[in-house]
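Coordinate analysis (summary)
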Amino acid sequence: PVVEVPGQLHPMTVEYAPGASVADVAAQALRKSDGDVLCFLPGAAEIRRTVDQLRPPLAAEAIDVLPLYGGLDAAAQDTAMRASPRRRVVVATNIAETSVTVPGVRTVVDSGWQKTARYDAARAIDSLDLERIAQDSADQRAGRAARLGPGFVWRLWDQRDRLRPRQEPEIQRVDLSGPLLDVIAAGWDPREFEWFEAPREDAVVRALALLERLDLVDGSHITPLGREARRLPLHPRLARAFIAASGAREMARAVALLSER
């Protein structure tokens, strides 16, 4: 069978504004083009500040300013992703880069930053680090602007800056103890598992050592404690602490705080 998917390419104009703020460029973009504006920022705190800067001046022009990030409740996320007769500025993390499609966007304002989960060897946990985006992310973000017609992209870095070509897979930069516990629980040996993208060998060794110290696995077999830990939506280390405390309220509060970003 032959599947034919009709499509149309639209022109896209890319401008660079190094040092400018997202709020200032978004306001400028509204005057220079029609349609909605999608702004990319690295995290929720930066989004809230930008929304607070934009809402007062744009409210008088009947333009909605909406946040969009993973920590929002479902209703707020649905509002940002729902088409509206009013013009909008949607201020988002990279959740809007590939995970969801924001309708009506004709202009993208890209800060060029993101928060990336990386394993912190000194603390033996993952942390969120502020990093420059890779070129493939910049291209993906820009592509959101020219889906319905001619698009405009404002990049808030110097055109001479050279971004790294691509973002490395998440499995190669985060702690693997949680995923490996799931793999072992399913009856697989992580060292022989056919990964779609294989993790680093040292990361697998480090994660298995942690699981054994926590008594959650025994070699390539899950223990009764491991099965109990898997029932909890927590990192294996935090789940083990919660079990050791017999679910005490103070420990529940502690692991909840430690598991939040």
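Read on for an overview of the structure. Here the residue numbers are simple positions, counted from 1 along each chain's written sequence. Note on the predicted model: pLDDT of at least 70 is required for a residue's local features to be given, and 80 or more for side-chain atom pairs to be given and counted; whole-chain, interface and lining totals, by contrast, use all residues. Hydrogens and water molecules were not included; the side-chain quantities draw on all heavy atoms of the structure.

1. Some thoughts on the nonpolar core
Here is a general trend for soluble globular proteins: nonpolar side chains tend to be buried in one another's company. Among the nonpolar cores identified, the biggest contains 23 residues, and Val-37, Cys-39, Leu-54, Leu-58, Val-89, Val-91 and Val-109 are the most heavily contacted of them. Broken down by secondary-structure element, the contributors of at least two residues to this core are α1 (22–32), β2 (36–40), α2 (44–59) and β4 (88–92). Here, two residues are considered to be in contact whenever any of their heavy atoms come within 4.5 Å of each other. Excluding its chain neighbours within four sequence positions, the residues that come into contact with Cys-39 are Val-22, Ala-26, Val-89, Val-90, Val-91, Ala-92 and Val-109. Only buried Ala, Val, Leu, Ile, Met, Phe, Trp, Tyr and Cys residues count toward a nonpolar core, and they belong to the same one when joined by side-chain atoms within 4.5 Å. The buried label goes to any residue with under 20% of its type's maximum accessible area, the exposed label to any with over 50%, and the partly exposed label to all in between, with areas taken from a 1.4 Å probe on protein chains only. Helix and strand definitions follow DSSP, with helices as H or I runs of at least four residues and strands as E runs of at least two, each counted in order from the N terminus.

2. Quick notes on the pairing of strand β5 (residues 105–110)
The buried fraction of β5 amounts to six of the six residues, a majority that puts the element mostly inside the structure. With five bridges joining them, β2 and β5 adopt parallel strand pairing. Among the inter-strand pairings, Phe-40 is bridged to a residue of β5, identified as Asp-110. What makes two strands pair is DSSP finding at least two bridges between them. Across four bridges, the pairing between β5 and strand β8 (residues 151–155) is parallel.

3. Considering the pattern of salt bridges
Note on definitions: salt bridges are taken to be side-chain nitrogens of Lys or Arg within 4 Å of carboxyl oxygens of Asp or Glu. For the structure shown, the criterion picks out 18 salt bridges. Measuring nitrogen to oxygen at the nearest pair gives 3.9 Å for the salt bridge that ties Arg-106 to Asp-34. Here Arg-106, found in strand β5, pairs with Asp-34, found in the loop between α1 and β2; they are 72 residues apart in sequence, far enough to count as distant. On the basis of relative accessibility, which here comes to 47%, the residue Asp-34 falls in the partly exposed class. For the salt bridge of Arg-155 with Asp-139, the shortest nitrogen-to-oxygen distance reads 3.7 Å. Note that Arg-155 is positioned in strand β8 and Asp-139 in helix α5 (residues 135–142), a separation of 16 residues in sequence.

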